[in-house]
Amino acid sequence: MEKAAEQAVESACHLADLAGPDGWSTAAAEDVLDAIDTLTDTLGSVGEDLAQDLAAVAAATADTRGVWVSLWTTRRPGGTVRRRCP
């Protein structure tokens with residue numbers, strides 16, 4: 001478990017180094033939001049107090065996803081929203 005968590009952090013840092021402020025595509029942003037949601041859901045399953053604390057993260061990713069979807073459908077008519085982990 002610890003090794004997988006460490007890999008997630010290393011991947012996030014690597015992505016941040018690569019992307020910079022202008023390097024984000026809609027697909028990359030969606031993938032990152034999916035990862036954040038997945039990790040938030042997983043950590044939230046540890047206990048009710050933690051789930052309540054993490055509710056703000058879930059709300060923030062939902063708001064951000066709404067902004068990206070709006071931009072995406074404006075730029076790509078007929079675009080569809082990708083689903084979270086299968």
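To be clear, the structure that these remarks concern was listed above.
Going along each chain's sequence as written, the residues are numbered from 1 onward. Only residues with pLDDT of at least 70 are given local features in this predicted model, and only at 80 or more are side-chain atom pairs given and counted; all residues enter the totals for whole chains, interfaces and linings. Values reported for side chains reflect all heavy atoms of the structure, with hydrogen atoms and water molecules removed beforehand.

## Quick look at the overall build of the protein
What counts, and what does not: What counts as a helix is a DSSP run of H or I of at least four residues, what counts as a strand is a run of E of at least two, and both are numbered from the N terminus. Partly exposed residues are those whose accessible area sits between 20% and 50% of the maximum for their type, while under 20% is buried and over 50% is exposed, using a 1.4 Å probe and protein chains only. Two residues qualify as a contact provided that any one of their heavy atoms is within 4.5 Å of a heavy atom in the partner residue.
If you tally the helices and strands in the protein, you get three helices and zero strands. Starting at the N terminus, the α and β elements of the protein follow one another as α-α-α. In the protein, which comprises 86 residues, the share counted as buried stands at 16%. Pairs at least 24 apart in sequence give 61% of the contacts found in the protein among residues at least 6 apart.

## Observations concerning a nonpolar patch on the surface
Selection rule: By definition, no residue in a patch forms a salt bridge, and every one has over 30% relative accessible area; like charges are joined within 9 Å, nonpolar side chains (Val, Leu, Ile, Met, Phe, Trp, Tyr) within 5 Å. Note on areas: Shrake-Rupley with a 1.4 Å probe; residue coverage comes only from the protein chains shown. Each salt bridge in this description consists of a side-chain nitrogen of Lys or Arg and a carboxyl oxygen of Asp or Glu lying within 4 Å of one another.
A cluster of nonpolar residues, Leu-43, Val-46 and Leu-50, forms a patch on the protein surface that exposes about 270 Å² of accessible area. Checked against the element boundaries, Leu-50 lands in helix α3 (residues 48-75).

## Overview of the side chain of Thr-61
The condition that has to hold: Two N or O atoms count as a polar contact when they lie within 3.5 Å, although within protein this holds only if one can serve as hydrogen donor and the other as acceptor, and sequence-adjacent residues are included solely when both atoms are side-chain atoms.
Its place among the elements puts Thr-61 in helix α3. Exposure remark for Thr-61: the relative accessible area of 5% places this residue in the buried category. Within the structure, the side chain of Thr-61 is placed 3.0 Å from the backbone oxygen of Ala-58, a separation counted as a polar contact. Thr-61 has contacts with Leu-33, Ile-36 and Asp-37, leaving out every residue within four places of it along the chain.

## Let's talk about the pattern of salt bridges
Oppositely charged side chains can form a pair if their charged atoms are brought close together. Taken as a whole and judged by the stated rule, the model has three salt bridges. Between Arg-65 and Glu-30 there is a salt bridge, with its nearest N and O atoms 3.3 Å apart. Of this pair, Arg-65 sits in helix α3 while Glu-30 sits in helix α2 (residues 26-44), and the two are 35 residues apart along the sequence. Exposure class is identical for Arg-65 and Glu-30. Each is buried. As a salt-bridge pair, Arg-65 and Asp-34 come within 2.8 Å of each other at their nearest N and O atoms. Separated by 31 residues along the polypeptide, Arg-65 in helix α3 and Asp-34 in helix α2 bring together distant segments of the chain.

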